[in-house]
Amino acid sequence: MTSRSPSPLRHVAFVRPLVMLVVVSVLAGLIVAAIALPVVAGLGVVAKTGASDWESLPDSLTQSVLPVPSKILASDGSLLGEFYAQNRVPVTINQIPTVTKQALLAIEDSRFYYHHGVDFQGSLRALVSNLHGDSLQGGSTLTQQYVKNMLLYDATDASQAKAANETTIQRKIREARYALTLDKTLTKDQILEGYFNIAYFGEGAYGIGAAAAHYFGIPVTQLNLDQSALLVGLVQNPSAHDPVRHPTNARNRRDTVLARMATVGFLTQDEATTASAIPMHLHITKQTDGCQAGKAPYFCEWIVSSLQSDPTFGATKAERTARLLKGGLTIKTTLNWKDERAAEAALAANLPADHKSNPRGIAGAEVLIDPKTGAVLAMTANQPWGYDAKAGENVNPYATGASSGFQGGSTFKLFTMITALEQGIPISQVFNSPSRYYSTIFPGYSKKKGGVANAGDSEAGVFNMTQATAFSVNTYYIQLEEKVGVPAVVATARSMGVDPNAFDKAPITVDEGSFTLGTREVSPLEMAGAYATIANHGTHCVPYGLAQVTGPDGAPLPVQSARCTSVMSPAIADTATELLTHVITDKGGTGNKNGDIGRPAAGKTGTTNSYGAAWFDGFTPDLAGSVWMGDPAGPNHLGGLVNLTINGTPWARMFGGDIPTMIWRDTFKVALAGVPVSQFTGAAAPADTTNNNVTSVVVPPVVNRSQADASHVLSTVGLLPKIAPVQVVSATAPAGTVLSSVPAAGAKVPSGSTVVLTLSSGPPTPSVTPSASGPPTTVVTTTAAPPVTPTTSISAPATLPVTPVTPPAVATTTPPAVAPPPTGAVQQP
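Small disclaimer: the values here were computed from a predicted structure and weren't measured.

Each value, and the rule that gives it
Residues numbered from 1 in each chain as written. Predicted model: local features only at pLDDT ≥ 70, side-chain atom pairs only at ≥ 80, totals over all residues. Heavy atoms only, no water. Patch = residues over 30% accessible without salt bridge, like charges linked within 9 Å, V, L, I, M, F, W, Y side chains within 5 Å. Areas by Shrake-Rupley, 256 points an atom, 1.4 Å probe, with all protein chains shown as cover. Salt bridge = Lys/Arg side-chain N within 4 Å of Asp/Glu carboxyl O. Helix = DSSP H or I, 4+ residues; strand = E, 2+ residues; numbered from the N terminus. Buried < 20%, exposed > 50% of the residue type's maximum accessible area, 1.4 Å probe, protein only. Axes fitted to C-alpha atoms, helices over the stretch in contact; angles between N-to-C directions. Parallel < 35°, antiparallel > 145°, perpendicular 65-115°, else oblique. Left-handed = near helix turned anticlockwise from the far one by under 90°. Contact = heavy atoms within 4.5 Å. Nonpolar A, V, L, I, M, F, W, Y, C, P; charged D, E, K, R; others polar. Pairing = 2+ DSSP bridges. Arc of directions from axis to C-beta. Disulfide = S-S within 2.5 Å.

Colleague: Break down a nonpolar patch on the surface for me, citing the residues and quoting the values.
Modeller: Among the surface-exposed residues, Val244, Leu282 and Ile284 lie close enough to one another that they form a single nonpolar patch of about 200 Å² accessible area. Among the secondary structure elements, Val244 is positioned in the loop between helix H11 (225-232) and helix H12 (247-263).

What follows is the structure in structure tokens.
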């Protein structure tokens with residue numbers, strides 16, 4: 001089938017091309033006139049017109065690349081979704097069974113391997129038949145049909161499409177000219193392969209590959225005789241011979257193909273008769289476009305959105321979409337089925353979507369991330385993906401914040417905590433944290449505005465940072481935010497991948513005290529990435545889902561996968577981890593009731609204003625995840641997450657430590673099953689949770705020691721050394737010697753606290769001044785430490801780190817006055 005048979009016309013075409021062109025020019029006009037217009041007056045005029053049109057055409061046809069579907073795959077190669085402008089499964093000529101090729105040739109062009117693109121013998125036969133009125137025959141070869149299909153595909157507007165499909169002499173001339181050229185530039189097998197891939201077989205199936213899958217649910221390689229005859233019979237008129245809507249017509253057409261195969265010698269008459277007796281057995285397989293039919297539609301839709309916004313795939317969104325639908329991309333993602341299934345099951349069990357179990361239609365979403373790389377391993381929601389709202393379906397991408405995002409609640413306290421640690425504030429910092437606090441720094445929480453209150457899952461009293469984090473004490477964190485400043489907290493959030501202006505474009509002001517309480521909108525994807533930063537010892541990896549993208553030729557395309565940046569020291573991150581473990585481990589911790597997963601874990605609960613949403617963001621060294629739960633219509637829709645019934649259990653108010661933490665717990669238990677237990681390396685010693693008190697240690701004396709010795713001494717007792725950013729000149733202490741520590745020796749602090757060490761830069765540098773009466777005089781200048789710069793804090797406790805710390809022997813300047821503390825603030829002793 002792949003070799004050409006010798007033909008006298010073929011010989012003439014190559015030996016005497018000019019003579020051939022003249023002959024063809026004349027015949028084309030005559031034949032086309034007879035075929036396309038059976039009753040034509042003035043054949044001489046037609047011939048003249050045909051010859052003129054022939055000479056005016058270009059002598060070649062540009063072959064466009066056919067639109068090929070793109071596939072999105074999970075990390076194991078399984079299909080998540082397929083996208084196409086035309087449902088096409090490209091095949092090679094060697095994949096198409098011989099019987100399928102024979103069926104097509106028999107019914108459409110039995111002399112395909114003998115002519116040169118235009119079959120003059122066949123055309124003359126059609127002419128005679130048409131003139132005698134036997135039947136209307138077209139006389140077009142497969143090559144000419146292939147040309148017509150390409151012209152239709154390349155049509156950029158309605159007029160071009162009409163010209164490619166209209167019954168005119170000009171169209172036939174154009175097809176013949178291009179067919180003759182195509183036959184000289186391609187092999188017969190290449191033309192046949194192209195035809196099989198471009199032809200339309202009805203029911204949205206373009207090409208024999210898609211047709212085999214759609215009508216029989218099999219790859220093209222498995223087509224048998226009667227199936228092949230049915231399919232090739234469709235190309236003449238897919239609508240009239242549609243086996244689904246017109247089965248009798250389809251069967252009759254199939255039998256016509258079988259009979260024709262016997263006539264041209266591809267089958268015996270007995271074989272054709274036997275095949276005709278076989279009933280049609282269809283196995284219609286709908287090729288669903290997009291993510292809806294996939295197994296992880298929310299993740300799949302996120303990948304589509306990522307592609308449409310990535311300049312790598314086109315200059316505009318329209319270009320990127322076209323490349324997805326037509327470019328034949330193979331898109332391998334980071335989705336891990338074990339993690340995805342764990343998240344789906346946990347949501348289904350704890351927050352089902354059916355009306356009986358969840359009559360208010362409360363939504364939930366979860367994202368899982370590999371903290372070491374930023375690879376998104378799972379992304380899902382509790383509601384089935386789809387457009388039928390009455391059936392409980394949903395297409396809002398809750399995991400990426402939908403259109404407006406969701407307030408983050410107390411999960412934002414992490415950013416204030418990190419900022420405080422970065423500024424050298426120890427975890428022993430205490431504040432009197434009443435049930436309601438009135439700020440003199442943040443106008444929104446002034447006494448006139450009603451102050452700020454603790455949530456229902458919190459406590460009131462005097463707390464250090466460990467306790468305030470475990471109990472999620474609003475009035476503590478407002479005072480801590482006063483101390484470090486809102487701009488610094490916002491900068492920390494941004495460094496950890498959270499954009500506070502992603503959904504709310506209003507500028508953030510220096511007095512936006514509500515920032516630490518999470519009144520800005522965010523997405524579970526961002527929060528999972530932020531908490532993954534802590535699990536990864538202070539290195540933030542941008543969440544990503546594209547692992548590899550290849551074109552139709554298998555060549556890889558550039559994609560950005562792991563992009564990791566260190567945004568804080570490991571000591572700071574590991575201290576934050578230690579604080580966050582108490583949320584789960586401490587009696588009374590907001591995540592203590594539901595957060596135990598049987599291995600080291602840390603996290604933070606969050607509940608937003610008016611109970612509009614509840615969160616739990618948690619992690620282990622190997623996995624980070626964020627769970628959001630809320631009324632998709634907002635807190636004012638049905639009153640927020642209050643007076644709920646979920647799975648038959650009534651909930652007066654929903655906190656982050658309730659169902660969100662249960663979802664997170666159940667997910668992590670399954671996702672980490674079989675994974676070796678990892679410890680939080682670098683974290684401080686576990687705290688004694690008896691009576692909610694942490695283990696205390698006494699700061700050892702380290703003044704006059706070297707930096708290395710002092711760090712070793714502090715680490716031995718469970719404290720974290722941190723070097724002050726500015727050194728102090730000392731006439732007596734060598735460079736690198738510890739001049740002071742904050743807290744000072746003898747102070748009793750929680751285990752894991754940071755101790756800031758101020759080092760000596762060595763003796764002062766002598767300066768030489770000239771003397772008029774004698775040799776130069778050496779003057780020793782003692783550089784005083786710069787003055788203490790006040791922060792936004794309303795108090796400056798003596799034991800808090802001040803940079804630089806001025807030793808007694810060094811001249812100092814008078815520090816500026818510090819504002820008096822507000823009501824309720826307690827200076828640390």
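There is more to say after this.
Colleague: Pulling in residues and values, what's your account of the pattern of salt bridges?
Modeller: Scanning all chains against the criterion turns up 14 salt bridges. Among the salt bridges present, the one from Arg245 reaches Asp242, with a minimum N-O distance of 2.8 Å. Look at Arg245 and you get exposed, because its relative accessible area is 57%. The closest approach of N and O atoms between Arg665 and Asp666, which form a salt bridge, is 2.9 Å. Given the relative accessible area of 18%, Arg665 is considered buried. For Asp666, a relative accessible area of 23% corresponds to the partly exposed category. Overlapping salt bridges bring together Glu203, Asp242, Arg245 and Lys286 as one network.

Colleague: Quick one: what's the story with the packing of helix H17 (residues 413-422) against helix H22 (residues 570-585), residue by residue and with numbers?
Modeller: In helix packing, the relevant descriptors are the interaxial angle and the interaxial distance, both defined with respect to the helix axes. Where H17 contacts H22, the two axes come as close as 10 Å, and the packing angle between them is 135°. By the angle between their axes, H17 is oblique relative to H22. Crossing geometry of H17 relative to H22 is assigned as right-handed. Between H17, through Leu414, Met417, Ile418, Leu421 and Glu422, and H22, the contact on the second element is made entirely by Ile572, Thr575, Ala576, Leu579 and Leu580. Of the residues in the contact of H17 with H22, the class split is 8 nonpolar, 1 polar and 1 charged.

Colleague: Explain the sheet that holds strand S20 (residues 624-630) to me, and be specific about the residues and the numbers.
Modeller: Across the sheet, which stays open at both edges, the 5 strands sit in the order S7-S6-S20-S19-S18 with antiparallel pairing between neighbours. Where the open sheet ends on each side, the last strands, each with one partner, are strand S7 (376-381) and strand S18 (602-607). Across the sheet, the axes of successive neighbouring strands diverge by a mean angle of 5°, strand direction being ignored. Direction of pairing for S18 relative to strand S19 (residues 613-619): antiparallel, over a ladder of 6 bridges. Among the inter-strand pairings, Thr607 is bridged to a residue of S19, identified as Ala614. Sheet strands in contact with helix H23 (residues 659-671) are strand S6 (363-369), S18, S19 and S20, and its direction is about 30° off that of S19.

Colleague: Summarise helix H24 (residues 707-716); cite the residues concerned and give the values.
Modeller: Burial in H24 covers these residues: Ala710, Ser711, Val713 and Leu714. Along H24, the residues classed as buried sweep out an arc of 165° about the axis, all on the same side. Facing away from the buried surface of H24 by more than 90 degrees, the exposed residues are Ala708, His712 and Thr716. Looking one or two places after H24, you find Gly718, whose phi comes out positive at around 90°.

Colleague: Describe the environment of Thr577, listing the residues and the values that go with them.
Modeller: Assignment of secondary structure puts Thr577 in helix H22. Considering only alpha carbons, one finds Thr577 and Phe680, 103 residues apart in sequence, at a separation of 7.8 Å. Not counting residues up to four positions away in its chain, the partners in contact with Thr577 are Ile534, Ala602, Phe619 and Phe680.

Colleague: Lay out the state of the cysteines with the relevant residues and their values.
Modeller: Inspection of the entire model under this criterion finds 2 disulfides. One disulfide bridge connects Cys291 with Cys300, the sulfur atoms lying 2.1 Å from each other. Since a negative S-S torsion denotes a left-handed disulfide, the Cys291-Cys300 link at about -70° is left-handed. Taken individually, Cys291 and Cys300 each receive the classification buried, so the pair is uniform in this respect.

Colleague: Hey, could you go over the packing of H12 against helix H13 (residues 269-276) for me, with residue numbers and the actual values?
Modeller: Interaxial distance between H12 and H13 falls to 8 Å at its minimum, and their mutual angle equals 170°. Relative to H13, H12 is oriented roughly antiparallel. Touching Arg251, Arg254, Asp255, Leu258 and Ala262 of H12 are Gln269, Ala272, Ala275 and Ser276, all from H13. Within the contact of H12 with H13, the residues separate by chemical class into 4 nonpolar, 2 polar and 3 charged.

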